[in-house]
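Survey of secondary and tertiary structure
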Protein chains: 2
Amino acid sequence: MSSYNVAPLDKLVEQFEKMPGIGYKTAQRLAYYVLNMSKTDAEDFSDAIREAHEKIHYCKICCNLTDQELCPVCRNERRDKSVICVVETPRDAMAMESTNEYKGTYHILHGAISPLNDIGPDDLKIKELISRLNSDVQEVIMATNPTVEGDATAMYITRLLKPMGIRVTRLAYGIPVGGDLEYADQVTLARALEGRNEL
Amino acid sequence: MSSYNVAPLDKLVEQFEKMPGIGYKTAQRLAYYVLNMSKTDAEDFSDAIREAHEKIHYCKICCNLTDQELCPVCRNERRDKSVICVVETPRDAMAMESTNEYKGTYHILHGAISPLNDIGPDDLKIKELISRLNSDVQEVIMATNPTVEGDATAMYITRLLKPMGIRVTRLAYGIPVGGDLEYADQVTLARALEGRNEL
């Protein structure tokens, strides 16, 4: 189904359709939304895409996204530089930040080891992690996702760091707060039982 | 929650968040997707927005979207110019086209009368519809949405056209094909009963 062969519109629909979680109907709705924007709004949108792409790059230390040399966390002198939390994506780092509990720094791998998708250790920012380890670093927290890929990545990095004498920890598995035991899957429940704490 | 104050990224997230049906989390996902695009892909996307906005305007006859003077339907000599199907949006016209049953032309109102949203007859392309009616036009099919606003708009236009001696029809109400009587609402079912046909 084409939009009557209005080429610029079809092109825009196509662009939206490529995005994750956007199907044809939604892409169409978004394209029509763009057409109904004011001229300046559409230009702002167009510029925002170009600018984000041009100005944003990786932080020299932690590989998080930033428009400056260092990201705000690495720039912040009050953050505890002796702890590094290793996450898969910038969004994972944001999720950790939103707890307001973590005062250390991050390291963004930009993915996880996944042989099925042809992603090996060399495709991740693991070299960058190793090279920033110095005598100041006391602990590396593996906060990769609780998936097969995330676990494999955590194991891989742990095996590299252990011989260097660095303490490596992993986020606790268990039932989510506010969750319902009835709906927790078996594996999670087994892990929660295994990791039970004295009250 | 901000993306660590990476200004260009926040700006892009904001842009996506304004779009219909896009919440904060989705906007974030889309913005990261844009960041992960190749440079040329991002530029193509940026250009597509700008171009669509610059090149697309209303067809001189039916007010549908087009990048030429007339839309493909109005340009097509084999379409039946004696029938005009009045719809609310370009997407409604596309939906009609996708039936492959309709051989007439369209008229796009670009909305429906809605006093609650402060949209009156003057905000729609009704003047444009009246001005294109000539002795060749035999029938106007009201295909506005089966909602209060769509019905009101159909009624309003019907009252304008009837005195001009033009046949005005409305799409049939009834149960959707493949639907389930049990789940049909009362009003639809009542209309389906009212409009029942001899077998």
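Numbering of residues starts from 1 in each chain and follows the order in which that chain's sequence is written. Here every chain gets a letter starting at A, and every ligand a number starting at 1, in the order they are written. Only residues with pLDDT of 70 or above have their local features reported here, since the model is predicted, and side-chain atom pairs are shown and tallied only from 80 upward, although totals for entire chains, interfaces and linings are computed over all residues. For side-chain calculations, the full set of non-hydrogen atoms in the structure is used, while hydrogens and water are omitted.

On to the domain arrangement of chain A, then. Boundary definitions for the domains trace back to an automatic or database domain assignment. In terms of domain boundaries, chain A breaks down into domain 1 (7–55) and domain 2 (65–194). If you average the C-alpha positions of domain 1 of chain A and of domain 2 of chain A, the two centres end up 33 Å apart.

Now for the packing of helix H5 (residues 90–97) of chain A against helix H2 (residues 24–36) of chain B. As a packed pair, H5 of chain A and H2 of chain B sit with axes 11 Å apart at the nearest point and diverge in direction by 145 degrees. Residue-level contacts link Pro-90, Arg-91 and Met-94 of chain A of H5 of chain A to Tyr-24, Gln-28, Arg-29 and Tyr-32 of chain B of H2 of chain B. Residue type decides the class: Asp, Glu, Lys and Arg count as charged, Ala, Val, Leu, Ile, Met, Phe, Trp, Tyr, Cys and Pro as nonpolar, and the leftover types, Gly among them, as polar. Looking at the contact of H5 of chain A with H2 of chain B, its residues break down into 4 nonpolar, 1 polar and 2 charged. The angle between two axes is taken between their N-to-C directions and runs from 0 to 180 degrees, where each axis is a line fitted to C-alpha atoms and a helix contributes only its stretch in contact. Helix and strand labels come from DSSP, where a helix needs a run of H or I of at least four residues and a strand needs a run of E of at least two; each type is numbered from the N terminus. Contacts are assigned to residue pairs with any non-hydrogen atoms lying within 4.5 Å of each other.

For the rest of this paragraph, the subject is the interface of chain B and chain A. The interface of chain B with chain A comprises 57 residues on the first partner and 57 residues on the second. When a carboxyl oxygen of Asp or Glu lies within 4 Å of a side-chain nitrogen of Lys or Arg, that pair is called a salt bridge. Scanning the region where chain B abuts chain A turns up 4 salt bridges. One salt bridge connects Glu-51 of chain A with Lys-11 of chain B, and the closest N-O pair in it is separated by 3.2 Å. Any pair of nitrogen or oxygen atoms within 3.5 Å is treated as a polar contact; in protein, a donor-acceptor pairing is required on top of that, and neighbouring residues in sequence qualify only through side-chain atoms on both sides. Across the contact surface, chain B and chain A share 17 residue pairs in polar contact (both at pLDDT 80 or more).

A few words now on the sheet that holds strand S4 (residues 104–108) of chain B. Two orientations exist for strands paired in a sheet by backbone hydrogen bonds: parallel and antiparallel. Residues and elements named next belong to chain B. Ordered in space as S4-S3-S5-S6, the 4 strands form an open sheet in which the pairing is parallel. The sheet is open, and its two borders are formed by S4 and strand S6 (167–170), each paired with just one other strand. Taking each pair of neighbouring strands and ignoring which way they run, the sheet shows an average axis angle of 25 degrees. Should DSSP find at least two bridges between two strands, the strands are regarded as paired. Here 4 bridges tie strand S5 (residues 139–142) to S6, and the two strands are oriented parallel to one another. From the neighbouring strand, Ile-141 faces S6, where its bridge partner is Thr-169. Taken strand by strand, helix H5 (residues 90–97) contacts strand S3 (80–87) and S4, and its axis lies near 160 degrees from that of S4. The strands touched by helix H7 (residues 148–161) are S3, S5 and S6; relative to S6, the strand with the most contacts, the crossing angle is about 170 degrees.

Take the packing of aromatic side chains next. Note on aromatic pairs: each is described by the distance of the centres and the angle between the planes. Each Phe, Tyr or Trp ring, with Trp reduced to its six-membered ring, pairs with another whose centre is within 6.5 Å; inter-plane angles below 30 degrees give stacked pairs, above 60 give edge-to-face pairs, and intermediate values give tilted ones. All chains considered together, the criterion is met by 5 aromatic pairs over all chains. A centroid spacing of 5.4 Å and a plane angle of 90 degrees characterise the contact between Phe-16 of chain A and Phe-45 of chain B, whose relative ring orientation is edge-to-face. Placement of Phe-16 of chain A in helix H1 (residues 7–17) and of Phe-45 of chain B in helix H3 (residues 39–55) is noted, with the two residues assigned to different chains. In this structure an aromatic cluster arises from ring pairing among Phe-16 and Phe-45 of chain A together with Phe-16 and Phe-45 of chain B. One Lys or Arg, Arg-191 of chain A, reaches over the ring of Tyr-173 of chain A and ends 4.2 Å from the middle of that ring. Here, over-ring charges are defined by two tests on the NZ atom of lysine or the CZ atom of arginine: distance to the ring centre within 6 Å, and angle to the ring normal within 35 degrees.

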